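# Chain and residue survey
Take a look at the letters that make up each chain.
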Amino acid sequence: MKINEGGILSIYNAIIDKEIEPKDKSVLDSTIQAVRYLVNAAKAYSDIKHNISSINSTTNDYLTAFYERQLEICKLFVEQFDNLNNGNDNAISLEDLHKMYEVENAEILVGLKKNQFTDLETSTLLNVNRELYVGRKALLSAKKKILVQKP
């Protein structure tokens, strides 16, 4: 991913060295920022691949419930994310994402207090929750950059 991101930035630098119209430069800047957000999202999701695999294969019912709740949140995010295309009022915002992140963190910590998760499991869940938040935030930021360019 880093190599691909570097290649994209090299192309951007080659283009930006040419004389281009200010409007085109603005579109190019927004596009490159959107690409960088998408790369950040991919990195965040890649970082938790092994965590998701271990959570998915656990015998701990509480971890399984967490995993299933995350799947539902992902489905909801995708639905609301898609609503951005048509200006639907039910589209997700950065504030919504942050609230979801905080609620999940609180649930994880309650699980620790109730001995539903070990310290290691809690750390893993907090990491997964953070990376999902970072990835979703990056996707939302990229989409908003792209939507700004639409006439």
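Structural data are supplied above this passage.
This is a predicted model, so every value here is computed, not measured.

Another point: helix α4 (residues 61-82). With 22 residues, α4 ought to run about 32 Å at 1.5 Å a step, and its terminal C-alpha atoms sit 32 Å apart, in line with that. Where α4 is concerned, the buried positions are Leu63, Phe66, Tyr67, Gln70, Ile73, Phe77, Gln80 and Phe81. Each buried residue of α4 lies within a common arc of 145° when the element is viewed along its axis, so the set occupies one face. Facing away from the buried surface of α4 by more than 90 degrees, the exposed residues are Asp61 and Glu79. The backbone nitrogen of Tyr62 has a side-chain oxygen 2.8 Å away, supplied by the residue at the start of α4, namely Asn60.

Take the packing of aromatic side chains next. Any two aromatic rings considered together are summarised by their centre-to-centre distance and by the angle between their planes. For the structure on display, the rule yields two aromatic pairs. Plain terms: the ring middles of Tyr101 and Tyr133 are 4.5 Å apart, the flat faces sit at 25° to each other, and that makes the pair stacked. With Tyr101 in helix α5 (residues 94-113) and Tyr133 in helix α6 (residues 119-149), this residue pair connects regions lying 32 residues apart in the sequence. In this structure Tyr101 comes out as buried when scored by relative accessible area, which is 16%. Residue Tyr133 is classed as buried on the basis of its relative accessible area, which comes to 15%. The residue whose ring lies beneath Arg136 is Phe77, and the NZ or CZ to ring-centre distance is 6.0 Å.

Rules behind the numbers
- Residues numbered from 1 in each chain as written.
- Predicted model: local features only at pLDDT ≥ 70, side-chain atom pairs only at ≥ 80, totals over all residues.
- Heavy atoms only, no water.
- Helix = DSSP H or I, 4+ residues; strand = E, 2+ residues; numbered from the N terminus.
- Expected span 1.5 Å × (residues − 1).
- Buried < 20%, exposed > 50% of the residue type's maximum accessible area, 1.4 Å probe, protein only.
- Arc of directions from axis to C-beta.
- Polar contact = N/O pair within 3.5 Å; in protein donor to acceptor, adjacent residues only side chain to side chain.
- Phe/Tyr/Trp six-rings, centres within 6.5 Å; stacked < 30°, edge-to-face > 60°.
- Lys NZ or Arg CZ within 6 Å of the ring centre and 35° of its normal.

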